[in-house]
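Descriptive analysis of the structure
Residues per chain, in single letters:
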Amino acid sequence: MADDPLARFARLGIRREQDLLLHLPLRYQDETRITPIAALRPGQHAQVEGEVARSEVTGRGRRMLVAELRDASGTLGLRFLNFYGSQLAQLAPGRRLRVSGEVRGGLLGLEIVHPRYRQVEPGEPLPTRLTPVYPSAAGIGQAALRAAVRKALRAHPWPETVPAGCLRELGLPAAAEALRFLHAPPADADLHALEDRSAPAWRRLIFDELLAQQLSLKRARAARAERSAHPLREASGVERLRAALPFRLTAAQARAWSEVSADLAAAQPMNRLVQGDVGSGKTVIAALAAAQTIGSGMQAALMAPTEILAEQHFAKLGPWMAAIGARIDWLSSSLKGAAKRAVRERVAAGEVDLLVGTHALIEDAVVFPRLGLAIVDEQHRFGVAQRLALRGKGGPLPHQLMMSATPIPRTLAMTYYADLDVSVIDELPPGRRPVLTRLVSEARRDELIGRVRAAVAAGRQAYWVCPLIEEAGEEGSAVPAPGAGAAPPGAPRGARAARVRREALELQTAIDTHARLSEDLAPLSVGLIHGRLPGAEKQAVMDAFTRGALDVLVATTVIEVGVDVPNASLMVIEHAERFGLAQLHQLRGRIGRGTADSVCVLMYRAPLSPTARERLKTMYETTDGFEIARRDLALRGPGQFLGARQSGVALLRLADLERDAVLAEAARTCAAAMLSSDRQAEIDAHLDRWMAGREDYLKA
Ligand code: ADP
Ligand code: MG
């Protein structure tokens, strides 16, 4: 340890001495002035200087150390509930101390509990700079961090990497100057602007971070453009499929398809996201892309985040593929040994044209001899690494098509999409009726039972969505996306155990809800579907519901994505206040798929927290996925919104994409300018400062 002073900072993500410069203060202490004791006010954070008038250990059982500090204007109590023996000497009467902390009204006048203190000589000069307080970890003291940063600041002059033109317009200072300022602000610096990060020095570093992100994304994109892909140009399969479709493409679908089709024909790999609200008809775009791929003699793969969704795609795409004479197959982790091996062998022998499945596609060493297209449905449910894994390694890259119903607001899109081309399907297929949304207190459950019966009597079907179990001490919005897989790496065991407990409770709730509804709704047939059901049983339940053999389907959020049963026109969501906005929107998207009027009932339990009320109100007021996403972002902030598993966006350390939207835009422009003028050395240096060793960022 002693030989490598940096080793102990590794836990703070600091690997090299220069990384210390970007280890920026959380806040500051003002030790540049002394407040006379008589002028202190409760609640104030202050520094005083005086002599210890007396000190003693008091109390029985739980002992504490109390002292009295006196200056020319008055006396102040100091209290230590926990103390070391050595503190008795440090606080001995007659010692001259500089003391700081938060002042509060105690029993015997003003006091500071657990003040920071330091012995000083009379007349010792005050610091002329604010004292930084750094993010730290157990065993790493502020004094050590401050000394290490000071040393690093001297050792690394931090030459400018950003063209002056980019900075001038924004009025940003030089990077080296900004760093010196933030690590040691002058006494007269605006503490407010420092703490809320609006000071020009902060804005400069936020800009640099956003610039680094843009540069790395654009580089990844350029690197991809250098890679080759098989151009897929044969249109006969597409024509046959279009002729076999039971509907005409909407104008928006036709536009998206022409963009995808043109990308597939190129010799560079496509990297396109088709974004369209729930029910806008993205699947057919995937089918057409597969048809163009297969027609051109290559294989296609489609990966979906849940087994139910993968099954459903398999069922829907089967007849379409048959119409063009293509062979489709299916792989999921629920498939057992021999059957799974057989699928893998058929794929490897080139006997499968389109393989549909779950994560099993990337996890089970499936080898495609001629993979031309990788499709990822509901791509926001996958991590970056998972999406990229499907593209395979070496040789020409397959084209990649992603589909998502989670619209990303503009401010996020700017960074998130830097690596992607986007097609938007902004129109629903004709004949759809907007879903009516009702908010109903759970006290009116009986009335809802009547509604379900009425819907079934009218020949319709209904979903009844089971409540989520709330995480202890947390509010509904933070419920992680189900199906998103394991807890994030590094999640503490406690969190894992809590998740397992919560899932078990959710399962029990689903079973209880089903039992109770079966009674309440007798003699209607009520099915149950949840994530723990074995694959074949899930499939059987979904088939029965699709056929109309079940009137009502009690479900957990496993039906959140993709499930498509047009005859279902009523959905009841129990304890809707516990669901996040994106989840509610996805769930509601399961109905309104047929021609009947559909109703979504959000059943809630009062009292509602302010954010829960806001979420339900949003659901009531709009069905527009973009508007919902915008409000969701406002309620949760970008990190939560995208989830930590997403691309670099969520991992920005300083920038806040809402607050710093102007800087983000400027960083994007500046990155483009740097890449088009020959500034390779600066770009390398900039990326090295911000990105070296950061595996969490998107790579080429
Ligand atoms: P999503 O975008 O949510 O994945 P889907 O692809 O599942 O939507 O499509 C929703 C439903 O709309 C499906 O039943 C699909 O067959 C149907 N559909 C798609 N496009 C059209 C269209 N142009 N006209 C009529 N129905 C369509
Ligand atoms: Mg879909």
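Going by the structure above, here's the rest.
In short, a report on the structure. The residue count restarts for each chain, going from 1 along the sequence in the order it is written. Lettering for chains starts from A, numbering for ligands starts from 1, and both go in the order in which the items are written. Given that the model is predicted, a residue must reach a pLDDT of at least 70 before its local features are reported, and side-chain atom pairs must reach 80 or more before they are shown or counted; all residues, however, enter totals for whole chains, interfaces and linings. To obtain the side-chain values, all non-hydrogen atoms of the structure were used and water was disregarded.

Notes on the overall build of the chain
Helix numbers and strand numbers start at the N terminus; a helix is a DSSP run of H or I with at least 4 residues, a strand a run of E with at least 2. Each helix and strand counted, the chain has 22 helices and 21 strands in total. Exposure classes here rest on a 1.4 Å probe applied to the protein chains alone. A residue is buried below 20% of its type maximum, exposed above 50%, and partly exposed in between. Of all 700 residues assigned to the chain, the portion counted as buried reaches 51%. Counted over contacts in the chain with a minimum sequence separation of 6, partners at least 24 positions apart contribute 76%. We get accessible surface area from the Shrake-Rupley algorithm with a probe of 1.4 Å; when it comes to residues, only the shown protein chains can shield them. Accessible surface computed for the chain: about 31,100 Å², of which carbon and sulfur atoms make up 53%. The contact definition used throughout considers only heavy atoms, calling two residues in contact when any of these lie within 4.5 Å.

As for the state of the cysteines
A pair of sulfur atoms, both from cysteines and within 2.5 Å, is called a disulfide here. If you walk through the whole model with that rule in mind, you get 1 disulfide. Each sulfur of the disulfide joining Cys166 and Cys670 lies 2.2 Å from the other. Disulfide Cys166-Cys670: the torsion about the S-S bond is 95 degrees, which places it as right-handed. Residue Cys166 is found in helix α3 (residues 164–170), and its partner Cys670 is found in helix α21 (residues 661–676); the two are separated by 504 residues along the sequence.

Points about helix α2 (residues 142–155)
Note on helix geometry: an α-helix contains 3.6 residues per turn, so any two residues three or four positions apart are oriented the same way. Helix span is expected to be 1.5 Å times the residue number reduced by one. Along its 14 residues, α2 runs 20 Å from first to last C-alpha, staying within 8% of the 20 Å computed at 1.5 Å per residue. Taken residue by residue, α2 has Leu145, Arg146, Ala148, Val149 and Ala152 as its buried positions. Taken end-on, α2 shows its buried residues confined to a sector of 165 degrees, consistent with a single buried face. In α2, those exposed residues whose orientation departs by more than 90 degrees from the buried face are Ala143 and Arg154. Those residues of α2 that are buried are in contact with β1 (27–29), β8 (131–133) and α4 (175–183). Arc, as used here, means the arc of the directions from the helix axis to the C-beta atoms.

Concerning the sheet that holds strand β16 (residues 436–441)
Across the sheet, 6 strands lie side by side as β16-β21-β20-β17-β19-β18; this open sheet has parallel pairing. Edge positions in the open sheet fall to β16 and β18 (526–529), since each of these has one partner strand only. Adjacent strand axes in the sheet meet at a mean angle of 20 degrees when their direction is disregarded. Pairing between two strands requires that DSSP report at least two bridges joining them. Where β18 meets strand β19 (residues 552–555), 4 bridges bridge the pair, whose relative direction is parallel. Counted as the bridge partner of Val526 is Val552 from β19. Throughout, an axis means a line fitted to C-alpha atoms (over the contacting stretch in the case of helices), and angles, computed between N-to-C directions, take values from 0 to 180 degrees.

Concerning the site of ligand 1
Around ligand 1 lies a shell of 17 residues, among which Gly279, Lys282, Thr283, Arg432 and Asp564 are the nearest. Within the backbone of Arg248, one N or O atom sits 2.7 Å away from a nitrogen atom of ligand 1. A distance of 2.8 Å is found between a nitrogen atom of ligand 1 and a side-chain nitrogen or oxygen belonging to Gln253. Throughout this entry, Asp, Glu, Lys and Arg are counted as charged residues, while Ala, Val, Leu, Ile, Met, Phe, Trp, Tyr, Cys and Pro are counted as nonpolar. The remaining residues, Gly among them, count as polar. Partitioned by chemical class, the residues of the shell around ligand 1 number 4 nonpolar, 6 polar and 7 charged. For each residue, the test is whether any non-hydrogen atom lies within 4 Å of the molecule or strand; if one does, the residue is near. Here a polar contact means two N or O atoms within 3.5 Å. Within protein one must be a hydrogen donor candidate and the other an acceptor candidate, and residues neighboring in sequence count only if both atoms are side-chain atoms.

Section: the packing of helix α6 (residues 200–226) against α21
Put simply, α6 and α21 touch, their axes get as near as 8 Å, and they point 50 degrees apart. Taken together, the axis directions place α6 and α21 in an arrangement best described as oblique. Once α6 is placed against α21, the crossing between them reads as right-handed. Here Arg203, Ile206, Phe207, Leu210, Leu211, Gln214, Leu215 and Lys218 of α6 lie close against α21, whose contacting residues are Leu663, Ala664, Ala666, Ala667, Arg668, Cys670, Ala671, Ala672, Met674 and Leu675. Partitioning the contact of α6 with α21 into residue classes produces 14 nonpolar, 1 polar and 3 charged. Roughly parallel refers to an angle under 35 degrees, roughly antiparallel to one over 145, roughly perpendicular to one between 65 and 115, and oblique to any angle outside these ranges. Take the far helix as the reference: if the near one is turned anticlockwise from it by less than a right angle, the crossing is left-handed, and if turned clockwise, right-handed.

Notes on the environment of Ala457
Tracing the sequence through the fold places Ala457 in helix α15 (residues 445–457). Between the alpha carbons of Ala457 and Asp551 there is a distance of 9.6 Å; along the sequence they are 94 residues apart.

Comments concerning the packing of aromatic side chains
What counts as a ring pair is set by centres within 6.5 Å for rings of Phe, Tyr and Trp (its six-membered ring), and what kind of pair is set by the plane angle: stacked under 30 degrees, edge-to-face over 60, tilted for all other angles. One pass over the full model with this rule turns up 4 aromatic pairs. Ring geometry for Phe80 and Tyr117: centres 5.8 Å apart, planes at 85 degrees, overall edge-to-face. Residue Phe80 is found in strand β4 (residues 75–80), and its partner Tyr117 is found in strand β7 (residues 116–119); the two are separated by 37 residues along the sequence. Exposure remark for Phe80: the relative accessible area of 3% places this residue in the buried category. On the basis of relative accessible area, Tyr117 is assigned to the partly exposed category, the value being 22%.

Here's the deal with the pairing of strand β12 (residues 354–357)
Neither face of β12 is left uncovered, since the one carrying Leu354 and Val356 and the one carrying Leu355 and Gly357 both have all their residues buried. By the bridge criterion, 4 bridges tie strand β10 (residues 299–303) to β12 in an arrangement that is parallel. When the bridges of β12 are listed, Ala300 appears paired with Leu354. In this structure, strand β11 (residues 328–331) lies alongside β12, joined through 4 bridges in parallel fashion. Among the inter-strand pairings, Trp330 is bridged to a residue of β12, identified as Val356. For the crossover that starts at β11, traverses helix α11 (residues 337–348) and ends in the parallel β12, the hand is right-handed. By the criterion used throughout, a crossover qualifies as right-handed when its path from the first strand across the helix to the second strand runs clockwise, the strands pointing away from the viewer.

Overview of the nonpolar core
The nonpolar side chains of soluble globular proteins are, as a tendency, buried together. In plain words, nonpolar cores are sets of buried Ala, Val, Leu, Ile, Met, Phe, Trp, Tyr and Cys residues tied together by side-chain atoms within 4.5 Å. Among the nonpolar cores identified, the biggest contains 58 residues, and Trp257, Val260, Met321, Leu354 and Leu355 are the most heavily contacted of them. Top contributing element to this core by residue count: helix α9 (residues 283–295), with 9 residues. Contacts of Met321, omitting those with residues within four sequence positions, involve Ala287, Ala290, Ile294, Ala326, Ile328 and Leu354. Leu20, Val162, Leu654 and Ala671 belong to the second largest nonpolar core, which has 54 residues in total.

Remarks on the packing of α9 against helix α10 (residues 307–323)
The contact between α9 and α10 brings their axes to 11 Å, and the two run at 45 degrees. One element, α9, and the other, α10, form an angle in the oblique class. For the pair α9 and α10, the sense of crossing is right-handed. Note on element contacts: α10 touches α9 through His313, Leu317, Trp320 and Met321, opposite Thr283, Val284, Ala287, Ala290 and Ile294. Residues that form the contact of α9 with α10 fall into these classes: 7 nonpolar, 2 polar and no charged.

Things to note about the pattern of salt bridges
Salt-bridge detection follows one rule: a side-chain nitrogen of Lys or Arg within 4 Å of a carboxyl oxygen of Asp or Glu. Within this structure, the stated rule accounts for 35 salt bridges. With a shortest N-O distance of 2.8 Å, Arg445 and Asp520 are connected by a salt bridge. Of the two residues, Arg445 is situated in helix α15 and Asp520 in helix α16 (residues 493–520); the sequence distance between them amounts to 75 residues. Accessibility expressed as a relative area gives 28% for Asp520, which makes it partly exposed. Here Asp564 ties to Arg593 by a salt bridge, and the two come within 2.9 Å at their closest N and O atoms. In this pair, Asp564 is assigned in the loop between β19 and β20 (568–573) and Arg593 in the loop between α18 (581–588) and β21 (599–604), connecting sequence segments 29 residues apart. Classification of Arg593 by relative accessible area gives buried; the value is 15%.

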